[in-house]
Amino acid sequence: MGRRPKWGRAVNGVLLLNKDTGMTSNTALQQAKRLFFAKRAGHTGSLDPLATGVLPICLGEATKFSQHLLDADKCYLSTYCLGVKTDTSDCDGEIVERRPAGHITQAMIEAILPEFRGPIAQVPSIYSALKYQGKPLYKWAREGLEIPADARKSRDITIYEYKIIAFRPAASDEDTYPEIDVRVHCSKGTYIRTLADDLGERLGCGAHVIKLHRQSAGPFNDDNAISLAALSEERGESDPQLLDHYLLPMDATIQDIPQVEITEDMGAYFRQGQPVMSVEAYRSAKEGGMVRVCLEDGQFLGVGELNDGNIAPKRIVNC
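Here, residues in each chain are numbered from 1, in the same order as that chain's written sequence. Given that the model is predicted, a residue must reach a pLDDT of at least 70 before its local features are reported, and side-chain atom pairs must reach 80 or more before they are shown or counted; all residues, however, enter totals for whole chains, interfaces and linings. Side-chain numbers here rest on the full set of heavy atoms in the structure, without hydrogens or water.

1. A few points about the overall build of the protein chain
Now for step 1: Secondary structure elements are taken from DSSP: a helix is a run of H or I of four residues or more, a strand is a run of E of two residues or more, and numbering for both begins at the N terminus. The number of helices and strands found in the protein chain is 8 helices and 18 strands.
Now for step 2: Relative accessibility decides the category of a residue: with a 1.4 Å probe and only protein chains considered, values under 20% of the type maximum give buried, values over 50% give exposed, and everything between is partly exposed. Burial statistics for the protein chain: of 319 residues in total, 47% are counted as buried.
Now for step 3: Of the contacts formed within the protein chain by residues at least 6 apart in sequence, a portion of 69% connects residues at least 24 apart. Whether two residues are in contact is decided by their heavy atoms: any pair within 4.5 Å suffices.

2. Quick notes on the pattern of salt bridges
Now for step 1: Salt bridges are counted wherever a side-chain nitrogen of Lys or Arg sits within 4 Å of a carboxyl oxygen of Asp or Glu. Applying the stated criterion across every chain yields a total of 17 salt bridges.
Now for step 2: In this structure, Arg-193 and Asp-48 form a salt bridge, with 2.8 Å as the shortest nitrogen-oxygen distance. One end of the pair, Arg-193, is in helix H5 (residues 192-203); the other, Asp-48, is in the loop between strand E2 (41-43) and strand E3 (52-59), with 145 residues separating them in the sequence.
Now for step 3: Residue Arg-193 is classed as buried on the basis of its relative accessible area, which comes to 4%.

3. What about unusual backbone geometry?
Now for step 1: Although it is not a glycine, Phe-37 adopts a positive phi angle of roughly 50 degrees.
Now for step 2: Relative to the helices and strands, Phe-37 resides in the loop between helix H1 (25-36) and E2.
Now for step 3: In this structure, Ser-89 is a non-glycine residue whose phi angle is positive, near 65 degrees.
Now for step 4: With respect to the helices and strands, Ser-89 occurs in the loop between strand E5 (84-86) and strand E6 (95-98).

4. Notes on the nonpolar core
Now for step 1: Core analysis: the largest hydrophobic core is formed by 49 residues, its most contacted members being Tyr-80, Ile-109, Tyr-162 and Leu-199.
Now for step 2: If we ignore the near neighbours within four places in the chain, the residues touching Leu-199 are Tyr-80, Ile-109, Ile-112, Leu-113, Phe-116, Tyr-162 and Ile-180.
Now for step 3: Grouped together as the second largest cluster of nonpolar side chains are 19 residues, Leu-69, Ala-72, Met-250 and Val-303 included. Nonpolar cores were defined as sets of buried Ala, Val, Leu, Ile, Met, Phe, Trp, Tyr and Cys residues, with membership established by side-chain atoms within 4.5 Å.

5. As for the sheet that holds strand E14 (residues 259-262)
Now for step 1: At least two DSSP bridges between two strands are required for those strands to pair. Strand order in the open sheet made by the 5 strands is E14-E16-E17-E18-E15, with mixed pairing throughout. Pairing within the sheet leaves two strands with one partner each, and these edge strands are E14 and strand E15 (276-277).
Now for step 2: All axes here are fitted lines through C-alpha atoms, helices being fitted over the stretch that makes contact, and every angle between N-to-C directions spans 0 to 180 degrees. Helix H7 (residues 264-271) contacts E14, E15, strand E16 (290-295), strand E17 (300-307) and strand E18 (310-316) of the sheet and is inclined by roughly 80 degrees relative to E17.

6. What to know about helix H6 (residues 228-235)
Now for step 1: All of the buried residues in H6 are Leu-228, Leu-231 and Arg-235. The buried residues of H6 occupy an angular sector of 65 degrees when the element is viewed end-on, so they sit on one face.
Now for step 2: Its buried side turned inward, H6 meets strand E1 (13-19) and H1.
Now for step 3: Gly-236 occupies a position one or two residues after H6 and carries a positive phi of about 60 degrees. Here, the arc refers to the directions that run from the helix axis to the C-beta atoms.

7. Some details on the state of the cysteines
Now for step 1: Disulfide assignment relies on a single distance test, namely cysteine sulfur atoms paired within 2.5 Å. Under the criterion given, the structure shown has 0 disulfides.
Now for step 2: Cys-75 takes part in no disulfide bond, and the closest cysteine sulfur to it belongs to Cys-186, at a distance of 7.2 Å.
Now for step 3: Looking at Cys-81, it has no disulfide partner, and the nearest cysteine sulfur is the one in Cys-205, 8.9 Å off.

And the structure:
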């Protein structure tokens, strides 16, 4: 086996990773990148270290189309502990307050949940990954630095579904707290920890997240996601190409964008950044809309914007 180049290989595609708990999204990304010996990689929206579940990772040229998935809806399964508030709103933080919660019933929670459905405004946690002056808020918080109010501006989100899957009341003869399992279908930028904290405040007892699993991100769900441990075991000491069958096509993250086919001759112009004419595109997409551009043999070339029947290249793959 020849010596591999230090800079990695030009592998392109999308990996559906099932992230383990206890690691950051960047750690998971770097481990996946090493397993595939990929030259370039990026994830499509971070998960808290506590969280598990779907973390799509784009390799190579697929990174050019990751933004579309960053903007996609997500679905989560989460468990809240009622009666205990932490500084991070999850179990990785320090407990800052305990309040009686043994009186809380499922009916009380069900009566309040409608307030958190539909379009709502949410103030991100100071322990979020949002950046202020180029540094994530959680780093400011952990360093004890003052965070200006404008760094945590309220953002508009949409909660499409927020329902209780299970409710476990506190045992009357033990020092326990009620727990609820919930399913949340939400728009981009939603913080489940903040939903838990806000619900706890509304109930008057406080709450924090003790489990969090991303069930789906855009069109991808955890049924087809694979763990780092499984990838590592399968590869062993073999070449990284052994894992390439797990990669989805480069355009897997943008399948909801209309696809058009162009000839090889037109493709040559498109690759050079020049607009090309397409009657098919005019029929498939709205004026000013985006289209996925492929050759007649199915080879993906990139995405373009439709203007007056012409496809103007916006993102072109170089492979």
